Amino acid sequence: MREGVFLDGRTVSISGNLEEIRDLGGLKFAIIRDFEGRVQVVLSKKFSDPQLMSALDSTPRESVVRVEGVCRSDARAPSGFELKPSKYEVISRAQSPLPIDVAGKTETSLDLRLDWRFLDLRRPEVSAIFRIQSKLGLAVRKFFEDRNFFEIHTSKIVGQATEGGANVFPIFYFKRSAYLAQSPQFYKQMMIAAGFERVWEMGPVFRAEPHHTPRHICEYVSIDLEMGYIKTYDDVMRTVEDLMVSCIAYLLENAQDEIAVLRSAQVMEEEIRLPAKPFPRVSMREAYSMLAERGLSIPYGSDLDPAGERALGEAVKEKYGNEFVFLTEFPWSVAQFYHMRKENEPDWTNRADLIFRGLELCTLAQREHRYHTLVEQTKEKGLNPSDFEFYLNFFKYGVPPHGGGALGIERIVMQLLGLKTIREAVLLPRTPERLTP
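All residue numbers refer to positions counted from 1 along the written sequence of the respective chain. Owing to the predicted nature of the model, reporting of local features is limited to residues with pLDDT of at least 70; listing and counting of side-chain atom pairs is limited to 80 or more, with chain, interface and lining totals taken over all residues. Values reported for side chains reflect all heavy atoms of the structure, with hydrogen atoms and water molecules removed beforehand.

Enquirer: Break down the packing of helix α4 (residues 124-146) against helix α6 (residues 234-254) for me, with residues and values.
Expert: For helices, the axis comes from a line fit to the C-alpha atoms of the stretch in contact; other axes are also lines fit to C-alpha atoms, and the angle between any two N-to-C directions lies between 0 and 180 degrees. Labels follow the DSSP assignment, with helices taken as runs of H or I lasting at least four residues and strands as runs of E lasting at least two, numbered in each case from the N terminus. Close contact between α4 and α6 brings their axes to 9 Å; oriented N to C, the two are set at 130 degrees. Considering their axes alone, α4 and α6 lie oblique with respect to each other. By crossing handedness, the relation of α4 to α6 is classed as right-handed. Of the residues in α6, those touching α4 at Ile132, Lys135, Leu136, Leu138, Ala139, Val140, Phe143 and Phe144 are Thr239, Asp242, Leu243, Ser246, Cys247, Tyr250, Leu251 and Asn254. Asp, Glu, Lys and Arg are counted as charged, while Ala, Val, Leu, Ile, Met, Phe, Trp, Tyr, Cys and Pro are counted as nonpolar; the rest, among them Gly, fall into the polar class. Looking at the contact of α4 with α6, its residues break down into 11 nonpolar, three polar and two charged. Roughly parallel means an angle under 35 degrees; roughly antiparallel, over 145; roughly perpendicular, 65 to 115; everything else is oblique. Left-handed is the label given to a crossing in which the near helix is rotated counterclockwise from the far helix by less than a right angle, and right-handed is the label when the rotation is clockwise. Only heavy atoms matter for contacts: two residues are in contact if any of them lie within 4.5 Å across the pair.

Enquirer: Describe in detail the environment of Gly16, supporting the description with residues and values.
Expert: Mapped onto the secondary structure, Gly16 falls in strand β1 (residues 11-23). With a relative accessible area of 8%, Gly16 lands in the buried category. It is 39 Å that separates the C-alpha atoms of Gly16 and Phe356, two residues lying 340 residues apart in sequence. If we ignore the near neighbours within four places in the chain, the residues touching Gly16 are Ile32, Arg33, Asp34, Ser63, Val64 and Val65. Think of it in three bands: residues with accessible area under 20% of the maximum for their type are buried, residues over 50% are exposed, and the middle band is partly exposed, with areas taken using a 1.4 Å probe on protein chains only.

Enquirer: Describe the pattern of salt bridges, with residues and values.
Expert: What counts as a salt bridge is simple: a side-chain nitrogen of Lys or Arg found within 4 Å of a carboxyl oxygen of Asp or Glu. Evaluated as defined, the whole model comprises 47 salt bridges. Notably, a salt bridge pairs Lys135 with Glu258, separated by 3.1 Å at the nearest N-O pair. Separated by 123 residues along the polypeptide, Lys135 in helix α4 and Glu258 in helix α7 (residues 256-264) bring together distant segments of the chain. Since its relative accessible area comes to 7%, Glu258 is described here as buried. A salt bridge links Arg370 to Glu368, with the shortest nitrogen-to-oxygen separation between them at 2.7 Å. A residue is classified by how much of its surface remains accessible, and Arg370, at 42% relative accessible area, is partly exposed. Here the salt bridges do not stand alone but share partners, grouping Glu19, Arg33, Arg38, Glu62 and Arg122 into one network.

Enquirer: Let's hear about the packing of aromatic side chains: which residues, and what values?
Expert: How two aromatic rings sit relative to each other is given by the distance of their centres and the angle of their planes. Classification of ring pairs rests on two measures: the distance between centres of Phe, Tyr or Trp rings, Trp counted by its six-membered ring, which must be within 6.5 Å, and the angle between planes, read as stacked under 30 degrees, edge-to-face over 60 and tilted in between. Considering all chains together, one arrives at 25 aromatic pairs under this definition. Ring centres of Phe186 and Tyr338 lie 6.1 Å apart, and the angle between their planes is 85 degrees; this geometry places the pair in the edge-to-face category. Here the residue Phe186 occupies a position in helix α5 (residues 185-193), and Tyr338 occupies one in the loop between β13 (324-328) and β14 (341-342), the gap between them amounting to 152 residues. As far as burial versus exposure is concerned, Phe186 and Tyr338 are alike and both buried. Clustering of aromatic rings is evident, with ring pairs tying together Phe186, Tyr187, Phe337, Tyr338, Phe388, Phe390, Tyr391, Phe394 and Phe395. Between the NZ or CZ atom of Arg341 and the centre of the ring of Trp332, over which it lies, the distance is 4.1 Å. Comment: the charge-over-ring label is applied if NZ (Lys) or CZ (Arg) is within 6 Å of the ring centre and within 35 degrees of the ring normal. Across the ring face of Trp332, the terminal group of Lys381 is positioned such that the distance to the ring centre comes to 4.3 Å.

Enquirer: Any chance you could break down the sheet that holds strand β2 (residues 27-34) for me, citing the residues and the numbers?
Expert: Note on sheets: strands pair through backbone hydrogen bonds, and any given pair is parallel or antiparallel. Pairing between two strands is assigned when DSSP locates at least 2 bridges connecting them. What the five strands build is a closed barrel, ordered β1-β2-β3-β5-β4; its pairing is mixed. When the angles between neighbouring strand axes are averaged without regard to direction, this sheet yields 50 degrees. Relative to strand β3 (residues 37-44), β2 is paired through eight bridges, and the arrangement is antiparallel. Each bridged residue has a counterpart across the sheet, and for Ala30 the counterpart in β3 is Val41. This element, helix α1 (residues 50-57), spans β1, β2, β3 and β5 (81-92) of the sheet and lies at about 65 degrees to β5.

Enquirer: I'd like to hear about the environment of Phe169, residue by residue, with values.
Expert: Within the secondary structure, Phe169 sits in the loop between β7 (157-158) and β8 (170-173). Classification of Phe169 as partly exposed rests on a relative accessible area of 29%. As a C-alpha pair, Phe169 and Arg122 span 47 residues in sequence and 32 Å in three-dimensional space. If we ignore the near neighbours within four places in the chain, the residues touching Phe169 are Ala178, Tyr179, Leu180, Phe206, Arg207, Ala208 and Cys218.

Enquirer: I'd like a description of the nonpolar core, backed by residues and values.
Expert: Grouped burial of nonpolar side chains is what soluble globular proteins tend to show. Note on terminology: a nonpolar core comprises buried Ala, Val, Leu, Ile, Met, Phe, Trp, Tyr and Cys residues joined through side-chain atoms within 4.5 Å. Phe144, Val240, Met244, Leu364, Leu407 and Leu417 are the most contacted members of the largest nonpolar core, which has 56 residues in total. Per element, the largest residue contribution to this core is 10 residues, and it comes from α4. In this view, Val240 contacts Leu225, Phe326, Leu354, Cys362, Leu364 and Leu407; residues no more than four positions away in its chain are not counted. Formed by 18 residues, the second largest nonpolar core is a distinct cluster that contains Val12, Ile14, Val41 and Leu56.

This is the structure in structure tokens:
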């Protein structure tokens, strides 16, 4: 449909998938679809070429076809015009029946849709999700460019688990052990040590976590940032806050067509609203009290579970009228060894999570930049400093106070659009059971 400018009375040629044919007695309507939209082709049993009508009738749905004809304006048609054909050609014939209903008129399970993902993505309401995700990526890049962040591309093959845990994918790397990266964390900090001051990256990360929940996936796209010469981790929170507001504003301005498609198909369960700044800040200790008032008991010194995140999101929305909240001052017991502890309160850290509509989108923290303190914290977490020698070496030669965070782009899309599961926001989901397509 990009082959010409559609003007009333002009002869044009369009190509796309044959979505459906409707027979209304004396008239036939064929819908041709490509990535930009749908065009209605109208044939009359009295005036159209019988051979053309017969060829159309014998074409299986989803075949790729080319139609040439005269364009006529019609506000009732899907694209505001219709085509009266004079030529018709089948470029690529589809097999019949289709393994899934591409027209979306019958409900198909998500697992079956994912089995036939390339057909599923032909549905405009499905492709709209990834159009929005693409525009979100553009908004992210624009934000960091405007803030003078330096874009980096770090290795996804690492010799040490970033977080020192077991939830990593081991790989064969010649004669050595290696893993798929859980995070670019160490490399972001390497860039700060190298003097780059502000860096960001958007790329895949891998988590070998055997979860079967609507919020977990084994491979996702992480938006990572790291900032040097910060005063407190509130500097990082303000940057993440600005990032989210900027991205949502961009989508509200540039993704209205996709949003309209999702609303029309009743895919979106939430409105996209521009949040007010600043986002509320609630310390973990305050959260324990707020949740206890709602009848939810969280063991003191522990992290929130999904039910706790949802309840906190509801409580904050009721109290502050904001769908976003920073949960701050995490217990040291659930922090990473490289997180900075609060001065004079070593049981608590300068770490925060950004929660949106009851789901954690971002983990951020100020990092410990003092070499000897970092070595001691590594030991305190039961880790062997020699296993992290390449990382610890950064801090022997002067590293400024710094901090950063990471956001999953699929979780952002999931929450913004109100999708039921993160798998709907992942082009090719990887779960403990799914490795294809």
